[in-house]
Amino acid sequence: MAGIVLEKGKSKNYIKKNGLKGEQKELVVKYFGAADLGCFKKPMSAEEYHAKVRAKAKSFNPIQRGLKKFGVDAEEVSEIKPVDIYGYDYEGNYLIGPGGLSSKYEVTVLYFSDKQIYVYNLVFDMLSNSLKERAEEYFYKDVTNITTIEDNRETTDIQKGCVGTKVVKGTDSSTDLKIVVPGESFVCGVYPKDNADFESRIRAVKAKLREKKA
């Protein structure tokens, strides 16, 4: 399902329909629904919004949360350092703000024991209290491929000005990480700005997989 862009005149109805208050309401007023701001009111920038998203993601302490979810100690999954991956989620229902950023964000952590890969995934929405968690365990021998997928996705942006607003369509590059096992695959989004040394860390993951499958 495609994301929703709040064009001019839509933000108040969205806030009322979803019962938004506090910071969630502020995000709609100043960022997602910025088309309804007055001429001299400053909207929230994509960078300011992203800083709030990252702060919320870190507040979950995802590496420790994932360990607790699996019921394992850090020493049990120390073949290589856990790989934490951050990205916006563009699946299901979500709003799109200026700069093409989604209201949904995900964190994925990969852990490596002697015999298997543990995959923990957390998805949250900045405009609700929803939190979706997924925990998967894959034996090294069953993993047929770990790859990154580069693609282009359609973006929708709203450019605001004193004379009015306009919706601008475009494209943006996107990156996904995909782990393939027989009969299924796990895919998560990768936001480049939030994933320093991503390529080198994934090379280390692939090297460990080759070692374990040898």
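Quick notes on the rules
Residues numbered from 1 in each chain as written. Predicted model: local features only at pLDDT ≥ 70, side-chain atom pairs only at ≥ 80, totals over all residues. Heavy atoms only, no water. Helix = DSSP H or I, 4+ residues; strand = E, 2+ residues; numbered from the N terminus. Buried < 20%, exposed > 50% of the residue type's maximum accessible area, 1.4 Å probe, protein only. Core = buried A, V, L, I, M, F, W, Y, C linked by side-chain atoms within 4.5 Å. Contact = heavy atoms within 4.5 Å. Phe/Tyr/Trp six-rings, centres within 6.5 Å; stacked < 30°, edge-to-face > 60°. Polar contact = N/O pair within 3.5 Å; in protein donor to acceptor, adjacent residues only side chain to side chain. Lys, Arg positive; Asp, Glu negative; His and termini not counted. Salt bridge = Lys/Arg side-chain N within 4 Å of Asp/Glu carboxyl O.

Undergrad: Explanation requested: the overall build of the protein in the structure shown.
TA: Of the regular secondary structure elements, the protein holds five helices and seven strands. Across the protein, helices and strands are ordered from the amino to the carboxyl terminus as α-α-α-α-β-β-β-β-β-β-β-α. Within the protein, buried positions represent 43% of all 214 residues.

Undergrad: Even after reading the chapter, I still don't get the nonpolar core, so can you show me in this structure?
TA: Grouped burial of nonpolar side chains is what soluble globular proteins tend to show. One finds F32, Y49, Y105, Y111 and F124 to be the most contacted residues of the largest nonpolar core, which totals 32 residues. Within the residue set of this core, elements represented by two or more residues are α2 (22-32), α3 (46-59), α4 (62-70), β1 (83-88), β2 (104-112) and β3 (116-125). Excluding anything up to four places from it in sequence, F32 contacts L6, L27, Y49, L95, I96, G97, L101, S102, S103 and L127. Among the nonpolar cores identified, the runner-up in size contains 21 residues, and I80, I146, I179 and V181 belong to it.

Undergrad: Teacher, can you tell me more about the packing of aromatic side chains here?
TA: One pass over the full model with this rule turns up ten aromatic pairs. With 5.1 Å between their ring centres and 90 degrees between their planes, Y88 and Y191 make a pair best called edge-to-face. A residue pair is termed long-range when its members are at least 10 positions apart, and Y88 in strand β1 and Y191 in the loop between β7 (184-190) and α5 (198-213) qualify at 103 residues. Here the two residues Y88 and Y191 agree in accessibility, since each one is buried. Joined through ring pairs, the aromatic side chains of F60, Y88, Y105, F124 and Y191 make up one cluster.

Undergrad: Just checking my understanding: could you explain the side chain of D84 for this structure?
TA: Of note, D84 is situated in strand β1. In terms of polar contacts, D84 uses its side chain to reach the side chain of Y86, at 3.0 Å. Among all residues touching D84, those that are not within four sequence positions of it are I63, T108, V109, N195 and R201.

Undergrad: Help me understand the side chain of D125, please; the structure alone is not making it clear to me.
TA: Mapped onto the elements of the fold, D125 is located in strand β3. Despite its burial, D125 remains without a salt bridge, the nearest opposite charge being carried by K104 at 6.0 Å. Within the local environment of D125, its side chain forms a polar contact with the side chain of S103, the two groups lying 3.5 Å apart. Within polar-contact distance, the side chain of D125 engages the backbone nitrogen of L127 at 2.8 Å. For D125, the contacting residues outside a window of four places in its chain are K56, N93, S103, K104 and S130.

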